[in-house]
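Here is how the chains run, residue by residue.
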Amino acid sequence: MTASPPLISLRSVSRTYRTDGIAVTAVRNVSFDIAQGEIAAVMGPSGSGKSTLMNMIGLLDLPSEGAIYLQGADVAGLSEDRRSSLRARSIGFVFQSYNLLARHDAIENVALPLVYCGISRKERLARAEQSLRAVGMLHRAHHFPRQLSGGEQQRVAIARALIASPLIVLADEPTGALDSRTGAEILALFAALNQTGQTIVMITHDPGIATQCRRTIRLHDGELVADETQAMVLPKRSVAP
Amino acid sequence: MTMLQGFQIALHALRLNPLRSFLTMLGIVIGVASIVTVFAIGAGAQLRLQEQIRSIGANVLMITPGAAYQGGVRLKDGSKLTMTESDVQAILEQIPEIQAAAGSIAGTAQVIHESKNWNTTINGTTTAHFMVRDWQLAAGRYFSNAEEAGAGKVVILGNRVARELFTAGEDPIGAQIRIMKVPLEVVGVLDRKDPAQDDVAFVPLSTAKLRFLGSASNINRDSVAYIIAKVAGDGQMAGARSEIENLLRQRHRVPAGQEDDFKVQDPAAAMEAQQGAIRTVALLLVAIASVSLLVGGISIMNVMIVSVTERTREIGIRRALGGRMRDIRLQFLCEALVLCLLGGAIGVAGGVTLSMTVARMAGWITSIDGQAIALALVFSIATGLIFGFYPAHKASKLSPIEALKTE
């Protein structure tokens, strides 16, 4: 172990939902760490608890049992509003269905998380421009989501996820709604971002995508069944020891 | 998220659907407009009454013949007026609370100055009349004793009459005017009072009796149409009134049990009672107008609840991107507030326009009161807060995970 704790640690995490008196365990006793600069795929068939896991890593949900540490700090004790503030600064979400606000143009969508970081409109827009440039979408800054293709919308969504310089980008089936060529472009974008040191956790049920990530965490029926780090598929990263 | 950002988001959201936003705020618009209008009309009516009360003068009692009070028919029939100049003297001398008293007779006539003429009230009275009514001169002087005793051919003009007969810049003092072919010298012009009060020309009582009104209305040399008397202090009105009643009953030899042939009135008190009635009616109307504000608030709440449901996914996204529950609450509360404030502002503009239109078309006096406008705006803010709170609270309580799942 190095002196600095892993970015995210899950320790015996379980999540049980109770609906109509019936308890359903979506995630059972899962433990793993995500280190700074990693790119990991969380794989598993639908219903395996991937989304529940992502909601917990993304501080949208809390484990019923076990603990989640973000940079060594237990998040369970944080209030709902504290977790929201932490989310604004530390987590960047990318969704399968993009989840852009239809009535705002691209640049405003990208700038949205900064509203909740208390940043002035001028700086928000300046940083949104940077972020859009980073994903190659600056030329679409004033287009509305309905005027953009799926791939373009997802790029805008990635720009939004990146704008607050989050500790981790959580992508839930980011290519699920895209054709394979566009999907490959988006994956290439994630790979490029990872090369700049961005930590990324990607949830997918597509083995083809998982193979492009160095590490694959497999879930089945809510349980962790495999945590494999494969030989490098992506070009070598230059990470300081 | 700051309040300002909340308002920016709210304005953005409301601009996207201008017709719906406008219809939503319509209830508030109507409510605020009616409150402002009712206030303006009520305040105008009170203002007019206060002006009338002021123009009568403070602590004034008015003594009129009983017969005249029952319709005035006997007066026209030539039946004799019941009050006399010696009654005036007796009141002044025998009742210590009375500071000043004056008898008057009045009629209407054409007053002529060169090419201009004007039909107005001719009031024959004494200088005491002006003392009773606290009526100052704008220029010139009051009647002299000699003029009062000797039917002097002098006149004091009410402000309106002076303006009708003389062009601006022309000095009425010393000018000759004619009333019923009698030439009179203008010795004074009175200060402005109420518009209705300014339309009068005063001549000495003796002049009126001898030269104009005496022969026309069969007045005996000593009688007057009414008496006004000034009481020294506020608290002495009731005492002075009953003393006058006793004195006049005695002087007019009214037997016990028979109706008085005169009537003592306190016009200011009567008007104050009227003012109270106006206030009550105005408050009632404001209460009715407030109901539409309530309905407006309910309509805002209704639309906001629908809007929260419609925008569940947006709420989920905002929560995922770091929006706190209180940020979401603030956002929707700001929307309700903006609706109400905008509605309130439009309502104030509408109310001001409406009351000005009413003032012009119906000829009523309306008074637009900053306080009423502030009150209406405070009401609309309160409406926004009260009726916006529940939808905003509901929005903030949505689970982000569930919200993100909705289509």
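Every value quoted in this text rests on a predicted model; they were computed, and no experiment measured them.

Digging into the overall build of chain B
- Along its length, chain B carries 15 helices and 12 strands.
- The C-alpha radius of gyration of chain B comes to 33 Å, more than 25% above the 22 Å expected for a compact globule of 407 residues.
- Projected onto the principal axes, the alpha-carbon positions of chain B cover approximately 100 × 55 × 35 Å.
- A total of 407 residues make up chain B; the buried ones form 44% of that total.

Quick notes on the interface of chain B and chain A
- In this complex, chain B contributes 16 residues to the contact, which on the side of chain A involves 17 residues.
- For the side of chain B that touches chain A, the elements supplying multiple residues, two or more each, are helix H12 (312–320), helix H13 (325–362) and helix H15 (400–405) of chain B.
- With four residues, H12(B) is the largest single contributor of residues to the side of chain B that touches chain A.
- The residue makeup of the side of chain B that touches chain A, split by class, is eight nonpolar, three polar and five charged.

Some remarks on the domain arrangement of chain B
- For chain B, the domain assignment lists domain 1 (3–52 + 272–405) and domain 2 (60–232).
- Measuring from the centre of the C-alpha atoms in domain 1 of chain B to the corresponding centre in domain 2 of chain B gives 55 Å.

Here we look at unusual backbone geometry
Residues and elements named next belong to chain A.
- Backbone geometry places Asp20, a non-glycine residue, at a positive phi of 50°.
- Locating Asp20 in the fold gives a position in the loop between strand S1 (8–19) and strand S2 (22–34).
- Although it is not a glycine, Tyr98 sits at a positive phi angle of roughly 65°.
- Along the chain, the position of Tyr98 falls in the loop between strand S6 (91–94) and helix H3 (106–115).
- On the neighbour-count criterion, Tyr98 (22 C-beta atoms within 10 Å) is buried.

Examining the packing of H3(A) against helix H4 (residues 121–134) of chain A
Residues and elements named next belong to chain A.
- Running from N to C, H3 and H4 point in directions that differ by 120°, and their axes come no closer than 8 Å. Between H3 and H4, the angle falls in the class oblique. Two packed elements cross with a definite hand, and for H3 against H4 that hand is right-handed. Of the residues in H4, those in contact with Ala106, Ile107, Val110, Ala111, Leu114 and Val115 of H3 are Arg124, Leu125, Arg127, Ala128, Glu129, Ser131 and Leu132.
- Here the residues of the contact of H3 with H4 are counted per class, giving nine nonpolar, one polar and three charged.

Some thoughts on the environment of A:Ser149
- Position of A:Ser149 among the secondary structure elements: in the loop between H4 and helix H5 (150–162).
- With 36 residues separating them along the chain, A:Ser149 and A:Pro113 place their C-alpha atoms 22 Å apart.

Describing the environment of A:Ser97
All names here are of chain A.
- Position of Ser97 among the secondary structure elements: in the loop between S6 and H3.
- Under the C-beta neighbour-count criterion, Ser97 is labelled partly exposed, with 16 such atoms within 10 Å.
- In this structure the C-alpha to C-alpha distance between Ser97 and Gly150, which are 53 residues apart in sequence, comes to 8.8 Å.

Side note on the pairing of strand S11 (residues 226–231) of chain B
Residues and elements named next belong to chain B.
- Among the six residues that make up S11, six are buried, leaving the element largely enclosed by the rest of the structure.
- Side chains Tyr226, Ile228 and Lys230 project from S11 onto one buried face, and the interleaved Ile227, Ala229 and Val231 project onto a second face that is buried too.
- In this structure, strand S1 (residues 60–65) lies alongside S11, joined through four bridges in antiparallel fashion. Each residue of the ladder has a partner; that of Leu61, found in S11, is Ala229.

Observations regarding the sheet that holds strand S9 (residues 215–220) of chain A
Residues and elements named next belong to chain A.
- In spatial order, the strands read S6-S7-S8-S3-S9-S10; together these six strands make up an open sheet with mixed pairing. Unpaired on one side and paired on the other, S6 and strand S10 (223–229) mark the two borders of the sheet. Each neighbouring strand pair of the sheet contributes to a mean axis angle of 15°, computed without reference to strand direction.
- Sheet topology note: the S9/S10 ladder contains six bridges and is antiparallel. Considered in S10, the bridge of Arg218 is made with Ala226.
- Its contacts with the sheet place H5 against S6 and strand S7 (168–172), and it is angled at close to 170° to S6.

Quick notes on the pairing of strand S3 (residues 39–43) of chain A
Residue and element names in this part refer to chain A.
- Among the five residues of S3, five are classified as buried, and the element is accordingly described as predominantly covered.
- Here S3 shows a buried face lined by Ile39, Ala41 and Met43 and a second buried face lined by Ala40 and Val42.
- Two elements, S3 and strand S8 (residues 199–204), share five bridges in a ladder whose sense is parallel. Bridging across to S8, Val42 finds its partner in Ile203.
- Inspection of the sheet shows S3 paired to S9 by four bridges, in the parallel sense. Bridge pairing in S9 links Ala40 to Arg215.

Conventions we followed
Residues numbered from 1 in each chain as written. Chains lettered and ligands numbered in written order. Predicted model: local features only at pLDDT ≥ 70, side-chain atom pairs only at ≥ 80, totals over all residues. Helix = DSSP H or I, 4+ residues; strand = E, 2+ residues; numbered from the N terminus. Rg over C-alpha atoms; globule rule 2.2 N^0.38 Å. Buried ≥ 20, exposed ≤ 12 C-beta atoms within 10 Å, placed from the backbone. Contact = placed C-beta atoms within 7 Å. Nonpolar A, V, L, I, M, F, W, Y, C, P; charged D, E, K, R; others polar. Domains from an automatic or database assignment. Axes fitted to C-alpha atoms, helices over the stretch in contact; angles between N-to-C directions. Parallel < 35°, antiparallel > 145°, perpendicular 65-115°, else oblique. Left-handed = near helix turned anticlockwise from the far one by under 90°. Pairing = 2+ DSSP bridges.

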